[in-house]
Amino acid sequence: KISAGAGFVVKNANNKYSKLVTDETSGKQTVKLEPVLNGYYYYFTLDGLTAVNIGDQVTATLYMTKDGKTYATEADVYSIGTYAYNQLAKDTVATLKTLCAELLRYGSKAQIFKSYRLDALADGKMTEEHTAFLQDAGSVTFGSTNTVLNDLSSAPIKWEGKALDLASKVCIRFIVDTANYEGSIHELSLHLTYEDPKGEKITTILTDPTLYKEGSSYYAFTFSALPASELRAELTATVYHGEMQVSPTLEYAASSYGNNKTGALGDLCKALFAYSDSAKNYFNGQK
């Protein structure tokens, strides 16, 4: 029996441990995956790993109690990179192998960009057979959607810019200038719309913008909900005060960020969108 105090122990590259205590009644612990003869399989989810951590080993130990005594399983060591290399070694579909190869390259370029564990790059063990699944980096293209529409005159909220945050998970920061806005910052919301692979319109509303630059009137809404397969999606973004539009509409695609980027950042952008393309091919059923 797994108790409410069961935990997941993580060992990172710096040999620091953190115990993610879970609560069976809160929904944070596990989800029933499938029935078996004597019960159910359960799984734990570890969040927070980023592209630079693809090669990092995660050590997991399951704790359980019975009759007041605590027991622990043997430690299980795994990594995202291990999964990717295992798939590359199997006789599986080509699009999955491409996805795993691109994931390893993306992780490696992220490590180089962040100067993280350069002696243990994620793609360091890839063979010529593995790299044959990679898209030619020179053929990776970027989008051009980055336009402010003229659909609201004398708008109190102006667009200051956009930024792609690659430090952790991929986030798009929509930056606005509130210098001419007289209301409360906390009453502003950003309405984002895009189409999913099935052509269905998805709308997300972001609230509570954060100060982007100290001593300025610039605030940012952060959007991190796009799955890897949809990083090329074209978004429309509009700021509202309540139900009133207070900014012109912005049309933007994250892929346009890669234009004119050079060096380690340019290599990272190419690897990121090659990975995104491979994810789209695999997860959207083109197997």
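Scroll up a little and you will see the structure.
Residues numbered from 1 in each chain as written. Predicted model: local features only at pLDDT ≥ 70, side-chain atom pairs only at ≥ 80, totals over all residues. Heavy atoms only, no water.

*Asks:* Give me the sheet that holds strand E15 (residues 218-223): which residues, what numbers.
*Replies:* Think of a sheet as strands paired side by side through backbone hydrogen bonds, with each pair either parallel or antiparallel. Strands sit in the order E10-E11-E15-E14 across an open sheet of four strands; the sheet is antiparallel. A single partner strand is all that each edge strand has here, and the edge strands are strand E10 (158-165) and strand E14 (210-211). Inspection of the sheet shows strand E11 (residues 171-177) paired to E15 by six bridges, in the antiparallel sense. Residue pairing across strands places Phe-174 opposite Phe-221, the latter belonging to E15. (Pairing = 2+ DSSP bridges. Helix = DSSP H or I, 4+ residues; strand = E, 2+ residues; numbered from the N terminus.)

*Asks:* So what's going on with the pairing of strand E13 (residues 201-207)? Which residues, and what values?
*Replies:* Moving residue by residue along a regular strand, the side chains alternate between the two faces of the sheet. When strand E12 (residues 188-195) meets E13, the two strands line up antiparallel, connected through seven bridges. Note that in E13 the partner of Ser-189 across the bridge is Thr-207. Here E12 hands over to E13 after five residues, with Gly-199 in that stretch at a positive phi of 85°.

*Asks:* How would you explain the packing of helix H2 (residues 94-114) against helix H4 (residues 263-283) if you had to name every residue and give the values?
*Replies:* At a closest axis distance of 8 Å, the pairing of H2 and H4 adopts a crossing angle of 160°. Judged by the inter-axis angle, H2 sits roughly antiparallel to H4. As H2 runs across H4, the sense of the crossing is left-handed. Across from Thr-95, Leu-96, Thr-98, Leu-99, Glu-102, Leu-103, Arg-105, Tyr-106, Lys-109, Ala-110, Ile-112 and Phe-113 in H2, the residues of H4 making contact are Ala-264, Leu-265, Asp-267, Leu-268, Ala-271, Leu-272, Ala-274, Tyr-275, Ser-278, Ala-279, Tyr-282 and Phe-283. Residue classes in the contact of H2 with H4 are distributed as 17 nonpolar, three polar and four charged. (Axes fitted to C-alpha atoms, helices over the stretch in contact; angles between N-to-C directions. Parallel < 35°, antiparallel > 145°, perpendicular 65-115°, else oblique. Left-handed = near helix turned anticlockwise from the far one by under 90°. Contact = heavy atoms within 4.5 Å. Nonpolar A, V, L, I, M, F, W, Y, C, P; charged D, E, K, R; others polar.)

*Asks:* So what's going on with the packing of helix H1 (residues 80-89) against H2? Residues and values would help.
*Replies:* Contact pair H1 / H2: the axes reach a minimum separation of 9 Å and the direction vectors enclose 145°. The element H1 and its partner H2 pack so that their crossing is left-handed. Contacts between H1 and H2 pair Ile-80, Gly-81, Tyr-83, Ala-84, Tyr-85, Gln-87 and Leu-88 from the former with Leu-96, Lys-97, Cys-100, Ala-101, Leu-103 and Leu-104 from the latter. Within the contact of H1 with H2, the residues separate by chemical class into ten nonpolar, two polar and one charged.

*Asks:* So, the environment of Asp-123: which residues are in play, and what are the values?
*Replies:* Mapping Asp-123 onto the fold places it in the loop between H2 and helix H3 (128-131). Among the residues examined, Asp-123 registers a relative accessible area of 24% and is labelled partly exposed. Along the sequence, Asp-123 and Gly-107 sit 16 residues apart, while their C-alpha atoms lie 7.5 Å from each other. Those residues in contact with Asp-123 that lie beyond four places of it in its chain are Tyr-85, Leu-104, Arg-105 and Ser-108. Among the polar contacts listed, one links the side chain of Asp-123 to the side chain of Ser-108, at a separation of 2.9 Å. (Buried < 20%, exposed > 50% of the residue type's maximum accessible area, 1.4 Å probe, protein only. Polar contact = N/O pair within 3.5 Å; in protein donor to acceptor, adjacent residues only side chain to side chain.)

*Asks:* Describe the environment of Ile-54, and please don't skip the residues or the numbers.
*Replies:* The residue Ile-54 is located in the loop between strand E4 (39-43) and strand E5 (58-60) in this model. Beyond its immediate sequence surroundings of up to four residues, Ile-54 is in contact with Ser-79, Ile-80, Gly-81, Leu-103, Leu-104, Gly-107 and Ala-122.

*Asks:* Explain empty space enclosed by the protein residue by residue, including any values.
*Replies:* The final tally for this structure, using the stated rule, is two cavities of 30 Å³ or more. Of the volumes computed, that of the second largest cavity is approximately 30 Å³. Lining the second largest cavity are Val-170, Cys-171, Ile-172, Phe-223, Ser-224, Ala-225, Leu-226 and Leu-231. Considered class by class, the residues forming the lining of the second largest cavity number seven nonpolar, one polar and no charged. (1 Å grid on protein atoms, 1.4 Å probe; cavity = no way out; pocket = protein on both sides within 12 Å on 5 of 7 lines; lining within 4 Å. Points joined across faces, edges and corners; volume = space filled by probe spheres on them.)

*Asks:* Let's hear about the nonpolar core: which residues, and what values?
*Replies:* Residues Leu-164, Ile-172, Phe-174, Leu-190, Phe-223 and Val-239 are the most contacted members of the largest nonpolar core, which totals 57 residues. In terms of residue count, the dominant contributor to this core is H4 (ten residues). Apart from the residues within four sequence positions on either side, Phe-174 is in contact with Trp-159, Gly-161, Lys-162, Leu-190, Leu-192, Tyr-219, Ala-220, Phe-221, Phe-223, Ala-237, Leu-250 and Tyr-252. (Core = buried A, V, L, I, M, F, W, Y, C linked by side-chain atoms within 4.5 Å.)

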